[in-house]
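Next come the chains, spelled out residue by residue.
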Amino acid sequence: MVKEGVEDWRRRKQDIEANNRKVEVLSKNGTFGETKWKDLRVGDLVKVHKDEYFPADLLLLSSSYEDGICYVETMNLDGETNLKLKHGLEITSDEESIKNFRGVIKCEDPNEHLYSFVGTLHFEGKQYPLSPQQLLLRDSKLKNTDYVHGVVVFTGHDTKVMQNATDPPSKRSKIEKKMDKIIYILFTILIVISFTGSLFFGVITRKDLSDNGKLRRWYLRPDQTTVFYDPRRAIPAAFFHFLTALMLYGYLIPISLYVSIEVVKVLQSIFINQDQEMYHEETDRPARARTSNLNEELGQVDTILSDKTGTLTCNSMEFVKCSISGTAYGRGMTEVEMALRKQKGVIPQEEVDDDSLSIKEKKANSTKLVKGFNFWDERVVDGQWINQPNAELIQKFFRVLAICHTAIPDVNSDTGEITYEAESPDEAAFVIASRELGFEFFARSQTSISLHEIDHMTGEKVDRVYELLHVLEFSSSRKRMSVIVRNPENRLLLLSKGADSIMFKRLATHGRQNERETKEHIKKYAEAGLRTLVITYREVDEDEYRIWEDEFLKAKTLVTEERDSLIDAAADKIEKDLILLGSTAVEDKLQKGVPDCIEKLSQAGVKIWVLTGDKTETAINIGYACSLLREGMKKILVTLDSPDIEALEKQGDKNAVAKASFQSIKKQLRDGMSQTAAVTDNSAKENPEMFGLVIDGKSLTFALDTKMEKEFLELATRCNSVICCRSSPKQKALVTRLVKSGTGRTTLAIGDGANDVGMLQEADIGVGISGAEGMQAVMASDFAIAQFRFLERLLLVHGHWCYRRIAMMICYFFYKNLTFGFTLFWYEAYASFSGKPAYNDWYMSCYNVFFTSLPVIALGVFDQDVSARLCLEYPLLYQEGVQNVLFSWGRILGWMLNGIISSMIIFLLTINTMAAQAFRIDGQVVDYSVLGVTMYSSVVWTVNCQMAISINYFTWIQHCFIWGSIGFWYLFLVIYGSLPPTFSTTAYQVLVETAAPSPICWLTLVLVVFSALLPYFTYRAFQIKFRPMYHDIIVEQGRTERPRELPVQVESTLHHLKSNLSRRDSWN
């Protein structure tokens, strides 16, 4: 309790720190003063400065920009570090009148939907519709804007980020829960043997007085006794004996086990924290076990639910390849390409050619390393593109990349270096690539974009300013972005980039040159796990533009719900007859070791789901890059992006949309089930077809409905990989809850942002990555690591060890307590159930504290069945924990039976060896004290030697604890026996004067200990020889030469393990 109290207090301090942050609030006298976040109220007008977090959900009124725009970083909400553009209403952007602003906001009730907001601003007798573009969400950060003014709409637990939060559950491991059931079993055994002894005691006591009044056991003087042994009142005597037996056999209940487990878990956590293999030197961050309650749960993880951005990836894009006018540019191969080559075992010719370089070689040949730019091609770099026959098209291509975006340049006043803040990492990569290849974007205003360009005719750098007329923003439905600019030659240009599925449909007849080659290149780029966009342009006639602009501006000024759809329709009219320039290919670099980590975890039988707020295309590409999706895997795509649903949405009938969406998702899930049914039925097939399920956020809303969640879960469990896209934080938590409750197996959630907190808290284990997205995930996690790749060691090594240690520790604890407790029961039966204990009271009190406690703690801290290297080399060993091999009911009951058998052997051999033999010179037999010491010594020796047999990995500490515990028993006996008889009672000089000089005591001890250990030793010898466990085989293999391939015996055993895993997965 103290440990958990300290952990809770640390979390409380973090909450207090967040709630006491300061923000400027407009007071009644018209000045801004600082107020704590927790004191904010709805309607307060606040001022937030650059790089500060928003303290509540705010309605944007104005900003340091004249037109009321601002840039927001939402990485704590959706995991993305790219900037989002927000803009206030035109009528509130007047900076002068902001202090006197008065209005009424009517909006929706608090809810968890991050991407929607419906409201109306009543100002000066008019109504103005509000959208998510005017809403600044709590925990997002203001970037590239000096300050903003906003009105508090939701605060505290009403904010959308808090609505997405879930109450932190009290987590307990499955082993602890099962241990509670075992305690109930032991308590039942205690009641049964106490009742049995009392029953026999009552019967025997009643017979002490016969019907004719004669005393059967006259030497006990039953005619002159208390109620506890009165044959005339046998029933009350039996009842009091029952109470005595409960106290006598109370040693069967291992109360000290809970204390020992807490000590062991804390020490295990220290080892996790100090593991140098999980230390990230670049960020100086080690692994951290933030709670010690779930150490063994790390060894039983069946499903991992992972965030993507910042968890699997570095959250940075790199421009690596492009296709221009049908010619592919960019040397080298991506991580995905290299993985595919290795998998196929084929090295293509271009990989070994001199002009085709690996990524490392490409970097070495570059003049400098630039973040976001990983491109090298001697035909293009260093201005060489001007010598290409298609130089004019290359110029147009990179000019589109340098102009068609919403990025903002940030010039360092000291060095003159330009960095870019963009709405997406892709845009930043495009702008950086265009700069590195001769088209430097260096200035932007609301109406212009300025570039330093290389003129393809002269090869000289010139400054060109483009008048920015309109920006047609990207959206998930449009899947494209365009800008309309006027170049210095006074020509109107439409520059556009977008998804190939959309852009090829909009090409003009005369603009389709090199279409076939470009599509082939796009296909190759997609296979390489790259994100692709098609680049196009066209010149716009002045008259056409004038007519279109009137329609576009009219749509933008509407205040009805049809505003967005009319704007999109207007954009459609001008984004046509485009001329194809080429396509780009960018790579979202994975964190170091992610593909290998996922591959190793997959080999261990762990399923991996990715839950991300990113778009479907992005998530799929990363799925390929990290080996979650593989070449040849059939994708099952569940989405609501269909013409029928979009048509219903435009009609505005929400009920019809919901009904149609529900039916559509239901049909898609059933179609997916039918596709996977044949593979599931024929699971014994050598190379079954693999499936990957991809579902978007809208679809997930309906799939998580109580009427459909079982079908969704069943389909998902039949697939090899699952990716949930555009997931809100609450959806992540709901999916995690569904997997945890639906499968009944251990789930682990891993993420790095505040949007992952609900998922981390809902899972059985939450792992936070202390990356670039703040510490919110770490604060809510159970374990913290710096990189995703460390999860491999955390689970396969520490998880496997901790599970094995705790399972062995608990089983051994029950064994040693039953061994000790049942010797008391057998002795009492031997003594007519008199209630007389076999041992001195101090012997019994010290058994669990001094003579058997330290070895079991050493087992829980230091024991290793195999080394860390072998844990990683044979990842399928991890299935011992997933299938709960070491803590199954059969194994638990086996250890308990071993304890009962050992107690019988100890008691029977000790009694029959010593009780009837002459012990003293005068022919007297052993007395009660010597018999008790000999039997107790046999118990101490047996349980400690049993520990020595069970341990796989000896250290000097374990030797010290095991043999030291036995030695301490004799030291205690000498010291305690030297005390006066009034205190030491039956132990007075029993060792020094009586037991130690007697050879029969030592011979009996050797015989008893050997006989008590023989059943377990025989069982283990038989098991290792004929039915070895997985770690037994690996340990034996490790003693000899260690070949790369597994031996035949290992292969057959692991094949049996895989078949068990397949059967467990095919549940319905």
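Being a predicted model, the structure only gives us computed values, none of them experimental. (Residues numbered from 1 in each chain as written. Predicted model: local features only at pLDDT ≥ 70, side-chain atom pairs only at ≥ 80, totals over all residues. Heavy atoms only, no water.)

J.: I'd like a rundown of the UniProt feature "transmembrane region" (unreviewed entry) in the protein chain, residues and numbers included.
T.: UniProt marks residues 182–204, 238–259, 806–827, 842–862, 892–915, 935–954, 961–979 and 999–1019 with the feature "transmembrane region" (unreviewed entry), using the numbering shown here. Taken end to end, residues 892–915 is 96% helix and 0% strand, and its two terminal C-alpha atoms sit 34 Å from one another. (UniProt positions renumbered as here; feature names shortened; annotations may be inferred. Helix = DSSP H or I, 4+ residues; strand = E, 2+ residues; numbered from the N terminus.)

J.: Describe the UniProt feature "active site" (unreviewed entry) in the protein chain, naming the residues involved and giving the relevant values.
T.: Feature annotation in UniProt places "active site" (unreviewed entry) on Asp 307, given in this structure's numbering. In this view, Asp 307 contacts Leu 312, Leu 611, Thr 612, Lys 732, Ile 750, Gly 751, Asp 752, Asp 756 and Met 759; residues no more than four positions away in its chain are not counted. Among the polar contacts made by the side chain of Asp 307, one reaches the side chain of Lys 732 at a distance of 3.2 Å. (Contact = heavy atoms within 4.5 Å. Polar contact = N/O pair within 3.5 Å; in protein donor to acceptor, adjacent residues only side chain to side chain.)

J.: I'd love a proper account of the pattern of salt bridges, names of residues and values included.
T.: All chains considered together, the criterion is met by 45 salt bridges. The partner of Arg 793 in a salt bridge is Asp 275, with the nearest N and O atoms 2.6 Å apart. You can see Arg 793 sitting in helix H25 (residues 790–830) and its partner Asp 275 sitting in the loop between helix H6 (255–273) and strand E13 (288–289), a full 518 residues away along the chain. Both residues of the pair, Arg 793 and Asp 275, belong to the buried class. Put simply, Asp 543 and Arg 546 hold a salt bridge, and the shortest N to O gap is 2.9 Å. Of this pair, Asp 543 and Arg 546 both sit in helix H14 (residues 542–556), 3 residues apart, which is roughly one turn of that helix. (Salt bridge = Lys/Arg side-chain N within 4 Å of Asp/Glu carboxyl O. Buried < 20%, exposed > 50% of the residue type's maximum accessible area, 1.4 Å probe, protein only.)

J.: Outline the confidence of the model for the protein chain, supporting the account with residue identities and numerical values.
T.: Mean pLDDT for the protein chain: 84, with 88% of residues reaching 70 or above. Per-residue pLDDT stays below 50 along residues 1041–1050; that stretch engages in 14 contacts with residues further than four places along the chain or on separate chains. (pLDDT = per-residue confidence, 0-100.)

J.: Which residues make up the nonpolar core, and what are the values?
T.: Counting 89 residues, the largest nonpolar core has Tyr 839, Tyr 843 and Trp 969 as its most contacted members. Looking at this core element by element, the count peaks at 17 residues for H25. Once you skip the residues sitting within four places of it in the chain, Trp 969 turns out to touch Tyr 843, Phe 851, Val 933, Tyr 936, Ser 937 and Val 940. Within the second largest apolar cluster, 48 residues are counted, among which are Val 431, Leu 437, Ile 449 and Leu 493. (Core = buried A, V, L, I, M, F, W, Y, C linked by side-chain atoms within 4.5 Å.)

J.: Let's hear about the side chain of Asp 139: which residues, and what values?
T.: Of note, Asp 139 is situated in the loop between strand E10 (135–136) and strand E11 (141–143). No salt bridge is formed by the buried Asp 139; its nearest oppositely charged neighbour, Arg 138, is found at 4.1 Å. Filtering out sequence-adjacent residues up to four positions away, Asp 139 remains in contact with Trp 37, Tyr 53, Phe 54, Asn 76, Leu 77 and Val 161. (Lys, Arg positive; Asp, Glu negative; His and termini not counted.)

J.: With reference to specific residues and values, describe the pairing of strand E1 (residues 22–26).
T.: Relative to strand E2 (residues 32–36), E1 runs antiparallel, the two sharing 5 bridges. Bridge pairing in E2 places Leu 26 opposite Phe 32. What sits between the antiparallel neighbours E1 and E2 is a turn of 5 residues, in which Gly 30 has the positive phi angle 85 degrees. In terms of strand pairing, E1 meets strand E3 (residues 45–49) through 2 bridges, oriented antiparallel. Residue pairing in the sheet places Val 25 in a bridge with Val 46 of E3. (Pairing = 2+ DSSP bridges.)

J.: Please provide a residue-by-residue account of empty space enclosed by the protein, values included.
T.: To find leftover empty space, a probe the size of one water molecule is rolled over the atoms. As enumerated under the stated definition, the model contains 3 cavities of 30 Å³ or more in all. In this structure, the largest cavity spans a volume of roughly 80 Å³. If you trace the largest cavity, you find it lined by Val 933, Thr 934, Ser 937, Tyr 970, Leu 991, Ala 995, Ala 996, Cys 1001, Trp 1002 and Leu 1005. Breaking the lining of the largest cavity down by element, the ones donating at least two residues are helix H31 (928–950), helix H34 (990–995) and helix H35 (999–1026). Within the lining of the largest cavity, the residues separate by chemical class into 8 nonpolar, 2 polar and no charged. (1 Å grid on protein atoms, 1.4 Å probe; cavity = no way out; pocket = protein on both sides within 12 Å on 5 of 7 lines; lining within 4 Å. Points joined across faces, edges and corners; volume = space filled by probe spheres on them. Nonpolar A, V, L, I, M, F, W, Y, C, P; charged D, E, K, R; others polar.)

J.: Summarise the environment of Tyr 815; cite the residues concerned and give the values.
T.: Of note, Tyr 815 is situated in helix H25. Residues Tyr 815 and Asn 898 lie 83 residues apart in sequence; the distance between their C-alpha atoms is 6.7 Å. The contact partners of Tyr 815, leaving out residues within four places of it in the chain, are Trp 895, Asn 898, Gly 899, Ser 902, Thr 942, Val 943 and Gln 946.

J.: Summarise the pairing of strand E9 (residues 126–130); cite the residues concerned and give the values.
T.: Bridge analysis of strand E8 (residues 119–123) against E9 gives 5 bridges, and the strand direction is antiparallel. Note on E9: the bridge partner recorded for Gly 119 is Leu 130. Adjacent in sequence and paired antiparallel, E8 and E9 are bridged by 2 residues, among which Glu 124 carries a positive phi angle near 50 degrees.

J.: Help me get a handle on the sheet that holds E8, residues and values and all.
T.: The sheet built from 3 strands is open, its strands ordered E7-E8-E9 with antiparallel pairing. Two strands bound the open sheet, and with one partner strand each, they are strand E7 (104–107) and E9. Strand-to-strand, the axes of this sheet are offset by a mean angle of 25 degrees, without reference to chain direction. (Axes fitted to C-alpha atoms, helices over the stretch in contact; angles between N-to-C directions.)

J.: Give a detailed account of the sheet that holds strand E32 (residues 783–785), specifying residues and quantitative values.
T.: Pairing in this open sheet of 9 strands is mixed, and the strands run E13-E32-E31-E30-E14-E26-E29-E28-E27 from one edge to the other. Here the strands that pair on one side only, and so sit at the sheet edges, are E13 and strand E27 (634–638). Here H25 sits on the sheet and contacts strand E14 (301–306), strand E30 (746–751), strand E31 (765–769) and E32; the angle it forms with E32, its principal contact strand, is near 140 degrees.

J.: I'd love a proper account of helix H13 (residues 515–527), names of residues and values included.
T.: For H13, spanning 13 residues, the distance from its first C-alpha to its last is 18 Å, which sits close to the expected 18 Å at 1.5 Å a residue. Buried within H13 are the following residues: Glu 515, Thr 518, His 521, Ile 522 and Tyr 525. Seen end-on, H13 carries its buried residues on one side only, within an arc spanning 125 degrees. Turned more than 90 degrees from where H13 packs its buried face, Arg 516, Lys 523 and Lys 524 sit exposed. (Expected span 1.5 Å × (residues − 1). Arc of directions from axis to C-beta.)

J.: Could you give me a rundown of the packing of H31 against H35, with the residues and numbers involved?
T.: Two elements in contact, H31 and H35, have axes separated by 9 Å at closest approach and are oriented at 40 degrees. When the axes of H31 and H35 are compared, the pair comes out oblique. Here H31 runs over H35; the crossing is right-handed. Where H31 approaches H35, its residues Val 930, Thr 934, Ser 937, Ser 938, Trp 941, Thr 942, Cys 945, Gln 946, Ile 949 and Ser 950 are matched on the opposing element by Cys 1001, Thr 1004, Leu 1005, Val 1008, Val 1009, Ala 1012, Leu 1013 and Tyr 1016. Residues that form the contact of H31 with H35 fall into these classes: 11 nonpolar, 7 polar and no charged. (Parallel < 35°, antiparallel > 145°, perpendicular 65-115°, else oblique. Left-handed = near helix turned anticlockwise from the far one by under 90°.)

J.: Tell me what's going on with the packing of helix H4 (residues 174–207) against helix H5 (residues 234–248), and back it up with residues and numbers.
T.: Where H4 meets H5, the axes come as close as 8 Å, and the angle between the chain directions of the two elements is 145 degrees. Handedness of the H4/H5 crossing: right-handed. Between H4 and H5, the contacting residues are Leu 190, Ile 191, Ser 194, Phe 195, Gly 197, Ser 198, Phe 201, Gly 202 and Arg 206 on the first element and Ala 234, Ile 235, Ala 237, Ala 238, His 241, Phe 242, Ala 245 and Leu 246 on the second. Partitioning the contact of H4 with H5 into residue classes produces 11 nonpolar, 5 polar and 1 charged.

J.: Which residues make up a nonpolar patch on the surface, and what are the values?
T.: Taken together, the side chains of Val 849, Phe 850, Phe 968, Leu 971, Val 974, Ile 975 and Val 992 make up a nonpolar region of the molecular surface, amounting to roughly 600 Å² of accessible area. Elements that contribute at least two residues to the nonpolar patch include exactly helix H26 (841–851) and helix H32 (956–977). Per element, the largest residue contribution to the nonpolar patch is 4 residues, and it comes from H32. With respect to the helices and strands, Val 992 occurs in helix H34. (Patch = residues over 30% accessible without salt bridge, like charges linked within 9 Å, V, L, I, M, F, W, Y side chains within 5 Å. Areas by Shrake-Rupley, 256 points an atom, 1.4 Å probe, with all protein chains shown as cover.)

J.: Could you give an account of the environment of Glu 52, with specific residues and numbers?
T.: Assignment of secondary structure puts Glu 52 in the loop between E3 and strand E4 (57–63). Counting along the chain gives 90 residues from Glu 52 to Leu 142, while the straight-line C-alpha distance between them is 5.8 Å. With residues near it in sequence (within four places) discarded, Glu 52 still touches Ser 140, Lys 141 and Leu 142. A polar contact of 3.0 Å, which involves the side chain of Glu 52, links it to the backbone nitrogen of His 49.

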